[in-house]
Amino acid sequence: MKSSSESRLSVLIGTIIAMVGLGTIYTWSLFNQPLADKFGWSIGAVAATFSIMSFALSFSTLSASSIQKKLGIRGLLMVCGAGMGVGLMIGALSTSLWMLYIFAGILVGASNGIAYMTTLSNAIQSFPEKKGLISGIAVGAYGTGSLLFKYVLGFFLAHAGLVQTFLYWGLISMVLLFASAFLIKEAKAQAAPQKSGKQTQKDYTIGGMLHTKEAYLLFFVLFTACMSGLYLIGSVANIGVSLAGLDAAAAANAVALVAIFNTTGRIILGAASDHFERLKVIAVSLLVTAGAALILSQVTLNFALFFICVASVAFCFGGNITIFPTIVAEFFGLKNQSRNYGMIYQGFGIGGLSVSFISGMLGGFAPTFNFIAVICVLAAVTALLLHVPGTKKVHLFSARKVQERSSSGD
């Protein structure tokens, strides 16, 4: 028992270290203006790197389970650490947008996504009795990485210059992922403790999951949550200047605010989801996001109002992305968690990528926030109507209880 406890503690510590290193990509908005100034590119063109990175991150998760089977989680983390480090270092030497998109966007995003998915799933499988809490800690560490490195990379930008900052960023990320590889051990999938008289949740294969309507509805809800959050995170400083009339220094502080509330939301809502029905928590957070988006687009903003809206969206996005792995595990079982969540997780990348095109078509920040408000309300209603395949609806305060089968079929 002692050995097992020590092993799980090692997994948790390694997971936190890995997630801190992976979470550094959320500082990307710090680099939009410096890169635009250095090469004469438009802010929008540079900011598109984050959308490409987000899409590559989510798409790569589809192969995470297969890579883990071949390399083991330790080998996978070392390969991803090398990929992320090399991508950032070569990105530092980019002389064209295409180089930036390929190395800082695709290579960094794919390395990040594969490591994120396997590390998170491994942690959840190691602590099946505390899925919400462990997911909150792991994804909270991801948010903490963005908060810490906002200051670290900001310091390097001010004192070492753009190229050196990219080089340092790549090296630090590589070291953190290599260090985590020595601590993390492969988890054995095990079922969470069940109460007497209750049946365990069915373990769906990815094919079986895709034959349920719930998989597509969950995808839509996650797509909406990620689209709204990533749009803000990727351009928060620029949004502050454009909509709230902030100067560059004040707008840059919004990056730190996003990181703080993103991390706070992951921990608080992750823990809350162990006590309330998880999809109702998601629905409430989507409605809060819709309200903040409407204020950002319809109200004359001052410093305080802008920061309240930014904090609200960041808090809700952090909570949503934390709760979803556990929702997928409860809907479709733990056995194939990595593959199943990898498929649903495509909502993250497609949401981040599509909103850039939507914003371009709609003509800027304000109309895009109007669109986000509407689709968030639709997603909130969808979340309220969703339930585990083959079960009856449960009450608000019974999220921790195992739901009874309403039939013996799928």
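Residues numbered from 1 in each chain as written. Predicted model: local features only at pLDDT ≥ 70, side-chain atom pairs only at ≥ 80, totals over all residues. Heavy atoms only, no water.

The name given to the chain in an unreviewed UniProt entry is MFS transporter, with Sporolactobacillus terrae as the source organism. Per UniProt, the chain carries the Subcellular location (unreviewed entry) text "Cell membrane". (UniProt positions renumbered as here; feature names shortened; annotations may be inferred.)

A. The overall build of the chain, seen in detail. Of regular secondary structure, the chain possesses 15 helices and 0 strands. Relative to its full complement of 410 residues, the chain shows a buried share of 55%. Considering only contacts within the chain whose residues lie at least 6 apart along the sequence, 84% involve residues at least 24 apart. Carbon and sulfur atoms make up 69% of the accessible area of the chain, which amounts to about 16100 Å² in all. (Helix = DSSP H or I, 4+ residues; strand = E, 2+ residues; numbered from the N terminus. Buried < 20%, exposed > 50% of the residue type's maximum accessible area, 1.4 Å probe, protein only. Contact = heavy atoms within 4.5 Å. Areas by Shrake-Rupley, 256 points an atom, 1.4 Å probe, with all protein chains shown as cover.)

B. Fine view of the environment of Leu-232. As for its position among the elements, Leu-232 is in helix H9 (residues 213-244). A relative accessible area of 1% places Leu-232 in the buried class. Separated by 137 residues in sequence, Leu-232 and Phe-369 have C-alpha atoms that sit 9.5 Å apart. Residues contacting Leu-232, with those up to four places away along its chain left out, are Ile-239, Val-258, Val-310, Val-313, Ala-314 and Phe-369.

C. Here's a closer look at the pattern of salt bridges. Per the stated rule, a full pass over the model turns up 3 salt bridges. Here Glu-330 ties to Arg-278 by a salt bridge, and the two come within 2.3 Å at their closest N and O atoms. With Glu-330 in helix H12 (residues 303-332) and Arg-278 in helix H11 (residues 278-298), the pair connects residues that are 52 residues apart, well separated along the chain. For Arg-278, a relative accessible area of 4% corresponds to the buried category. (Salt bridge = Lys/Arg side-chain N within 4 Å of Asp/Glu carboxyl O.)

D. Structural detail: helix H5 (residues 97-126). Its 30 residues give H5 an end-to-end C-alpha distance of 41 Å, which sits within 8% of 44 Å, the value for a rise of 1.5 Å per residue. By the criterion of burial, H5 is predominantly enclosed, with 22 of the 30 residues buried. (Expected span 1.5 Å × (residues − 1).)

E. Expanded view of helix H7 (residues 162-181). With 20 residues, H7 extends 29 Å between its outermost C-alpha atoms, agreeing within 8% with the 28 Å of an ideal straight helix rising 1.5 Å per residue. Looking at H7, one finds that the buried residues are Leu-162, Thr-165, Phe-166, Trp-169, Gly-170, Ser-173, Met-174, Leu-177, Ser-180 and Ala-181. When H7 is viewed along its axis, its buried side chains cluster within an angular range of 165 degrees and face the same direction. (Arc of directions from axis to C-beta.)

F. Seen up close, a nonpolar patch on the surface. Together, Leu-287, Val-377, Val-381, Leu-384 and Leu-385 make up an exposed nonpolar region whose accessible area comes to about 440 Å². Broken down by element, the nonpolar patch gets its largest block of residues, 4 residues, from helix H15 (residues 365-385). Residue position: Leu-287 is located in helix H11. (Patch = residues over 30% accessible without salt bridge, like charges linked within 9 Å, V, L, I, M, F, W, Y side chains within 5 Å.)

G. Up close: the packing of aromatic side chains. In the structure shown here, the tally under the stated rule is 23 aromatic pairs. Taken together, the aromatic side chains of Tyr-26, Phe-50, Tyr-116, Tyr-142, Tyr-341, Tyr-345 and Phe-348 make up a single cluster linked through ring pairs. Positioned above the aromatic ring of Phe-39 is the side chain of Lys-38, whose terminal nitrogen or guanidinium carbon lies 5.6 Å from the ring centre. Note that Arg-266 overlies the ring of Tyr-26, its terminal NZ or CZ placed 5.9 Å from the centroid. (Phe/Tyr/Trp six-rings, centres within 6.5 Å; stacked < 30°, edge-to-face > 60°. Lys NZ or Arg CZ within 6 Å of the ring centre and 35° of its normal.)

H. The packing of helix H4 (residues 64-91) against H5, seen in detail. The contact between H4 and H5 brings their axes to 8 Å, and the two run at 145 degrees. When you trace H4 past H5, the crossing you get is left-handed. When grouped by side-chain class, the residues that make up the contact of H4 with H5 number 17 nonpolar, 9 polar and no charged. (Axes fitted to C-alpha atoms, helices over the stretch in contact; angles between N-to-C directions. Left-handed = near helix turned anticlockwise from the far one by under 90°. Nonpolar A, V, L, I, M, F, W, Y, C, P; charged D, E, K, R; others polar.)

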